[in-house]
Amino acid sequence: MVEEKLRNIDKTVVEKYPIFEGCETISEDLMLEKECFIGKLSTHITSILWKQQLVLHNEVDAIVTLTIEVSDKGEVSILDHDISSQLLEDIPEIEDYLITSIATLPEVKPALKKLNSGDFVAVKTVFTIPVRVIGKLPENEEIIK
């Protein structure tokens with residue numbers, strides 16, 4: 001009976017997005033909640049990339065598109081990514097850094113869907129987010145080819 005109810009849930013709409021600590025106070029507005037989640041996720045990924053202190057031979061300004069899944073248990077994983085071949089050439093370890101950034105996320109509470117009974121059930125959600133990767137060479141340094 002429970003499985004049948006879960007199969008009949010409209011999974012395209014949620015009442016609560018996945019949430020990081022600190023975003024819980026804005027739960028009155030669903031769109032602000034979503035923006036807070038995506039903002040904190042993007043900031044965390046960017047900070048992990050920044051901490052790598054990469055030595056670049058070319059300036060980098062690229063967008064990586066990540067498809068992220070948050071399971072009904074709050075586990076976050078990368079389902080897919082769109083990384084340009086140029087970015088992979090400039091930063092061969094970029095995929096590893098992205099995986100590390102997801103693995104080191106703070107605790108995430110899963111999205112919630114309201115059942116007809118009024119109860120809430122945790123559900124899986126998928127997000128596609130852009131992450132901008134910027135790397136500049138120091139002033140007065142020639143590009144090494």
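The rules behind these values
Residues numbered from 1 in each chain as written. Predicted model: local features only at pLDDT ≥ 70, side-chain atom pairs only at ≥ 80, totals over all residues. Heavy atoms only, no water. Buried < 20%, exposed > 50% of the residue type's maximum accessible area, 1.4 Å probe, protein only. Helix = DSSP H or I, 4+ residues; strand = E, 2+ residues; numbered from the N terminus. Pairing = 2+ DSSP bridges. Salt bridge = Lys/Arg side-chain N within 4 Å of Asp/Glu carboxyl O. Expected span 1.5 Å × (residues − 1). Contact = heavy atoms within 4.5 Å. pLDDT = per-residue confidence, 0-100. Phe/Tyr/Trp six-rings, centres within 6.5 Å; stacked < 30°, edge-to-face > 60°.

Chemist: Can you tell me about the pairing of strand E6 (residues 120–123), naming the residues and giving the values?
Modeler: Burial along E6 is one-sided: the face carrying Val121 and Val123 is buried and the face carrying Phe120 and Ala122 is not. For strand E5 (residues 111–114) and E6, the ladder comprises four bridges, and the chain directions are antiparallel. Across the sheet, the residue bridging to leucine 112 is alanine 122, located in E6.

Chemist: Could you give an account of the pattern of salt bridges, naming the residues involved and the relevant values?
Modeler: In the structure shown here, the tally under the stated rule is five salt bridges. Across the salt bridge formed by aspartate 72 and lysine 73, the nearest N and O atoms sit 3.9 Å from each other. On the basis of relative accessible area, aspartate 72 is assigned to the partly exposed category, the value being 38%. A residue is classified by how much of its surface remains accessible, and lysine 73, at 62% relative accessible area, is exposed.

Chemist: Now, about helix H2 (residues 30–51): what can you tell me, with residues and values included?
Modeler: For H2, spanning 22 residues, the distance from its first C-alpha to its last is 32 Å, which sits close to the expected 32 Å at 1.5 Å a residue. Those residues of H2 not exposed but buried are Glu33, Cys36, Phe37, Leu41, Ser42, His44, Ile45, Ile48 and Leu49. Those residues of H2 that are buried lie in contact with strand E1 (19–20), strand E2 (60–70), helix H4 (94–103), strand E4 (108–109) and strand E7 (125–135). Just past H2, the residue glutamine 53 takes up positive phi, approximately 45°.

Chemist: Can you explain the confidence of the model for the chain? Please cite residues and give values.
Modeler: Taken residue by residue, the chain gives an average pLDDT of 82. The fraction at 70 or more is 82%. Mean pLDDT across the elements of the chain bottoms out in helix H1 (residues 2–7) (57) and peaks in strand E3 (residues 76–82) (95).

Chemist: Kindly report on the packing of aromatic side chains, identifying the contributing residues and their values.
Modeler: Throughout the structure, instances matching the rule amount to three aromatic pairs. Centre to centre, the rings of tyrosine 17 and phenylalanine 127 are 6.1 Å apart; their planes meet at 45°, and the pair counts as tilted. Here the residue tyrosine 17 occupies a position in the loop between H1 and E1, and phenylalanine 127 occupies one in strand E7, the gap between them amounting to 110 residues. Assessed through its relative accessible area of 6%, phenylalanine 127 is described here as buried. With a centroid separation of 5.2 Å and 40° between ring planes, the pair formed by phenylalanine 37 and phenylalanine 127 is classed as tilted. Of this pair, phenylalanine 37 sits in helix H2 while phenylalanine 127 sits in strand E7, and the two are 90 residues apart along the sequence. We note that phenylalanine 37, like phenylalanine 127, is buried. Three or more aromatic residues joined by ring pairs make a cluster, and in this case those are Tyr17, Phe20, Phe37 and Phe127.

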